Amino acid sequence: MIIVVGVFFYWLQSYGHKSLNAFRAFSPIKIQEKEDLDYSKKLTSELLLVNQKSDCEILKKPYAHLDKLKKNEALDLRFENTHKKIENKIYRLRHFFKDGDEGEIETFLVYLEDKAEMARIIEKSSYTKGQLYTKIETTKGKILYHEEGVNLSENVSGTLFLHYINNQLMGMQGVLQNQNEHKNIDCRFQQE
Amino acid sequence: MRLTVKFCFLFLFFISFNIKAAVWEDNQVWSLQYEEDFSNWMQSNAVNENIFSDSKSPYFGVSTDCADTAYALRAIFAFEHNLPFAIYSPSGSRGANKTINNRQNSWDNNSTSRQRLIAMINEIGDSVGTENLAYFDTFPIAIKSITPGSVFMYKIKARFGNFIRHTYNIKGINDVGTFDVIYSTQANKARGLPLIRRKDKEFEYMPTDPWGFRKFRWPELLGKDLSSVPLELGPSTEQFGLAQSLGQDGFFKYVKKTLANTNETSSQRLTRSFKTLCTEAQARIDYVNQGLAHLKETNNKCMSYEEFDAYSTPARDQTLKELFEKLQSAYSDLASEGGLNTTTPQLVEFSEIIFKNKIVSNTDLFSACPIQYRPEMSIDLRVLWKRISNGVLSSHPNDSVEVRWGETTRNTTKCKRWY
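Sequence positions are assigned chain by chain, starting from 1 and proceeding in written order. The order in which chains are written sets their letters, starting at A; the order in which ligands are written sets their numbers, starting at 1. Predicted model: local features are reported for residues with pLDDT of at least 70 only, side-chain atom pairs are reported and counted for 80 or more only, and whole-chain, interface and lining totals are derived from all residues. Computation of side-chain values covers all heavy atoms of the structure but excludes hydrogens and water.

**A word on the overall build of chain A**
What counts, and what does not: Strands here are runs of E lasting at least two residues and helices are runs of H or I lasting at least four, both read from the DSSP assignment and numbered beginning at the N terminus. A 1.4 Å probe rolled over the protein chains alone gives each residue an accessible area, and that area as a share of the maximum for its type sets the label: buried under 20%, exposed over 50%, partly exposed in between. Only heavy atoms enter the contact rule, under which two residues are in contact if any of them lie within 4.5 Å. Computed with a 1.4 Å probe, the accessible areas rest on the Shrake-Rupley method; for each residue, only the protein chains presented here act as cover.
Across its full length, chain A carries four helices and eight strands. Taken from N to C terminus, the helices and strands of chain A fall in the order α-α-α-α-β-β-β-β-β-β-β-β. Scored against the burial criterion, the 192 residues of chain A give a buried share of 45%. For chain A, the share of sequence-separated contacts (at least 6 apart) that also reach a separation of at least 24 residues comes to 39%. For chain A, the computed accessible surface area is about 10800 Å², with 54% contributed by carbon and sulfur atoms.

As structure tokens, this is what we get:
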């Protein structure tokens, strides 16, 4: 009986805890009354929030799908995450740029997921010509997830960063510039 | 027999609570009050250069370069106050959990929550860079909302189309509107050195959207529009428009004026400019020596891209040049205001020796800022400025100490210059 109770505790911690964590939302925002704090004095009256939800929805249209955008625009890939199932194991391949002292360092990581989809790094490497990942055969397996971050229109006032998951636009930040408008935006979208 | 059963029960009970443990359990929520506490904590002595490098520090073992330092400081504050900590998962996620956070048990092979925290920070450090911080985990703020605990991030185009990005953690705002900053670099991380602190920093590169002054998102605000951020935290894109309309000098003058409690006189500016210049000139000794030490370890091997990046100094040399120009400008402004007799005569003399080649037989310029870059070789700021103006300083980490400091331009390295 005692052993059964012990095993139950073990299960609760190992699996129950994980599933609870995975779905437990962070507590809602707690905003204290302005009167209680001095922060109201620091508020700026000239906030330039152009990215109200309606604006974002309108602005996203030309960028909604990455595959279409790739055909028409020169994009600068900033990071790429691919989740792959290879021989019943799920790996995550990450390609991004670490900050150097005087530049940037193209970096490749391989993660291995556990049963609760927690990923741990199993390989770290900087770019070596002809060799990206050594722990896995990247041509094998099935792609489960693909995420990319790209920069568009690098110019003096900034860039437009576009974030895609499985080809769907999830966020756009930076400067949106065309003949008629110049807007600084910070929009996020929910997965459909 | 009964004793054995009891022992088994206790053993199972014990392991059940230790095998799968969160990094720490949070029982508080982020609020404006906690943001103010974070700001106060950043200003306190708890946040110091040795926080990760001193073996007596509770956070010894945390290893950070520039963006990682910002994440580490935020995580430590959250840990110490039982607050939640979460960042957008840098490797992506297919399930409901889109973050790396304190409630995960990925680091439970470490027995204490503090060890788990350090392991989590170091793993985050391997997976992220300044781009994660800018794109996912922070939001842009109004100038008036810049507080200690905010970060300043920049991105500039360097040689050969290469980009340089950096993150400064604002530790304090001085009365005259300059910044007390604490940060790290790749070379610092590689050698386990203390964090770098500059107590009187003026930033050089103006915001270009989305780079600039930013604050951390609360966990529940990750992946949400800027319009979801409480206005009291100051979410705003105004800095980008201001930078465009005012230009670099005008923008930072505006920032300084907005944040200052007192006006800085031209005389004070001259003093500050001299101190800042001296600090950076002397800091170059360490930057160069770190490269030389690495060369010694590798038997003078030509440096790889990554090594070159860590130990070369083109951007830092450019910053040093700009600091000389700032001192020159502070001197010129004071002179044009007719205020040269209102400041320390010595500083006026120093400026004239450096920029006007004024000959003074007994000057204290050397003792005010000696630059001893190798045994038995020390120079003053006049000599350094002359070498910088003549373009003879070398930023290549495979060069000898004499070539790095422009003492000679002969026998320069044949190793590849990566950028």
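**Some details on the state of the cysteines**
Operational definition: Working definition: a disulfide is two cysteine sulfur atoms within 2.5 Å of each other.
This model, assessed by the stated rule, comprises three disulfides over all chains. Between the sulfur atoms of A:Cys56 and its disulfide partner A:Cys187 the distance amounts to 2.1 Å. Because the torsion about its S-S bond is -80 degrees, the bridge between A:Cys56 and A:Cys187 counts as left-handed. In this pair, A:Cys56 sits in helix H3 (residues 53-60) while A:Cys187 sits in strand S8 (residues 182-188), placing the two residues 131 residues apart along the sequence. Here A:Cys56 matches A:Cys187 in class, with each residue buried. Two residues share a disulfide in this structure: B:Cys302 and B:Cys415, whose sulfurs sit 2.0 Å from each other. Across the S-S bond of B:Cys302 and B:Cys415 the torsion is about -75 degrees, and the bridge reads as left-handed. Of the two residues, B:Cys302 is situated in the loop between helix H8 (266-297) and helix H9 (305-311) and B:Cys415 in the segment after helix H14 (401-404); the sequence distance between them amounts to 113 residues. The class of B:Cys415 is buried, set by a relative accessible area of 14%. Indicated for chain B is the disulfide connectivity 1-3, 2-4, based on numbering the bonded cysteines in sequence order.

**Details of the confidence of the model for chain A**
Do not read the predicted coordinates in detail wherever pLDDT is low. Residues and elements named next belong to chain A. For the record, the criterion: As a per-residue measure, pLDDT tells how confident the predictor is, with possible values from 0 to 100.
In the predicted model, chain A carries a mean pLDDT of 74, and 62% of its residues have values of at least 70. When mean pLDDT is taken per element in chain A, strand S1 (residues 76-86) scores highest with 94 and helix H2 (residues 39-42) scores lowest with 33. Contacts from residues 12-25, a stretch scored under 50 in pLDDT, to residues over four places away or in other chains number 22 contacts. Below pLDDT 50 for its whole length, residues 27-51 participates in 61 contacts with residues either more than four positions away or in separate chains.

**Comments concerning the environment of B:Gly391**
On the secondary structure map, B:Gly391 appears in the loop between helix H13 (381-389) and H14. For the pair B:Gly391 and B:Gly406, spaced 15 residues apart in sequence, the C-alpha separation works out to 8.3 Å.

**A word on the pattern of salt bridges**
Working definition: two side chains of opposite charge can pair if their charged atoms are close together. Formally: Salt bridges, as used here, are contacts in which a Lys or Arg side-chain nitrogen is within 4 Å of a carboxyl oxygen on Asp or Glu.
Using the criterion set out here, one finds 34 salt bridges over all chains in the structure. Here A:Arg188 makes a salt bridge to A:Asp186, at a shortest N to O gap of 3.0 Å. Exposure remark for A:Asp186: the relative accessible area of 2% places this residue in the buried category. A salt bridge links B:Lys189 to B:Asp68, with the nearest nitrogen and oxygen atoms 3.5 Å apart. In this pair, B:Lys189 is assigned in helix H6 (residues 186-191) and B:Asp68 in helix H3 (residues 66-80), connecting sequence segments 121 residues apart. Taken together, the shared-partner salt bridges in this structure form one network comprising A:Asp76, A:Arg78, A:Asp99, A:Glu104, B:Glu131 and B:Arg165.

**Comments concerning the sheet that holds strand S4 (residues 151-157) of chain B**
Residues and elements named next belong to chain B. Condition: A pair of strands is considered paired only if DSSP assigns at least 2 bridges between the two. Fitting a line to C-alpha atoms yields each axis, with helices limited to the stretch in contact; the angle taken between N-to-C directions then spans 0 to 180 degrees.
Strand order in this open sheet of six strands is S3-S8-S4-S5-S6-S7, and the pairing throughout is antiparallel. Since the sheet does not close on itself, it has two edges, and those belong to strand S3 (138-140) and strand S7 (196-201), each with one partner. Taken over all neighbouring pairs, the strand axes of this sheet differ in orientation by 35 degrees on average, direction set aside.

**Looking at the nonpolar core**
Generally speaking, nonpolar side chains in soluble globular proteins are found buried as a group. Residues and elements named next belong to chain B. Inclusion rule: In these notes, a set of buried Ala, Val, Leu, Ile, Met, Phe, Trp, Tyr and Cys residues joined through side-chain atoms within 4.5 Å is what counts as a nonpolar core.
Counting 85 residues, the largest nonpolar core has Leu 117, Met 120 and Phe 213 as the members making the most contacts within it. For this core, the leading source of residues is H3, giving ten residues. Leave out the neighbours within four places in its chain, and Met 120 touches Val 23, Trp 24, Ala 75, Phe 85, Ile 100, Asn 101, Asn 102 and Trp 107. Ranked by size, the runner-up nonpolar core spans 32 residues in total, among them Leu 277, Val 288, Phe 350 and Leu 384.

**Structural notes on helix H7 (residues 238-259) of chain B**
Short version of the rule: One fewer than the residue count of a helix, multiplied by 1.5 Å, yields its expected span. Bend is the name given here to the angle between axes fitted to two runs of seven residues, the run ending at a residue and the run starting at it.
A rise of 1.5 Å per residue sets the reference length of H7(B), with its 22 residues, at 32 Å; its end C-alpha atoms lie only 15 Å apart and thus fall more than 12% short of the reference. Where H7(B) bends most, the angle comes to about 120 degrees, and this point is B:Gly247.

**Some details on helix H10 (residues 314-336) of chain B**
Residue and element names in this part refer to chain B. Between its terminal C-alpha atoms H10 stretches 33 Å, which fits the 33 Å expected from 23 residues at 1.5 Å a residue. Among the residues of H10, those classed as buried are Pro 314, Ala 315, Arg 316, Asp 317, Thr 319, Leu 320, Leu 323, Phe 324, Leu 327, Ala 330, Tyr 331 and Leu 334. Where H10 is buried, its residues contact strand S5 (163-173), H8, H9, helix H11 (345-356) and H13. Looking one or two residues past H10, Gly 338 carries a phi angle of roughly 70 degrees, positive in sign.

**Overview of the packing of H8(B) against H11(B)**
Residues and elements named next belong to chain B. Worth spelling out the cut-off: For this classification, under 35 degrees means roughly parallel, over 145 means roughly antiparallel, 65 to 115 means roughly perpendicular, and everything else is oblique. Each helix crossing is assigned a hand: it is left-handed if the near helix lies turned anticlockwise from the far helix by less than a right angle, otherwise right-handed if that turn is clockwise. For this scheme, ten residues count as nonpolar: Ala, Val, Leu, Ile, Met, Phe, Trp, Tyr, Cys and Pro. Four count as charged, namely Asp, Glu, Lys and Arg, and the remainder, Gly too, count as polar.
The contact between H8 and H11 brings their axes to 10 Å, and the two run at 55 degrees. In this view, H8 runs oblique relative to H11, as classed from their interaxial angle. Crossing angle aside, the handedness with which H8 passes H11 is left-handed. Here Leu 270, Thr 271 and Phe 274 of H8 lie close against H11, whose contacting residues are Leu 347, Val 348, Phe 350 and Ser 351. Counted by class, the contact of H8 with H11 contains five nonpolar, two polar and no charged residues.

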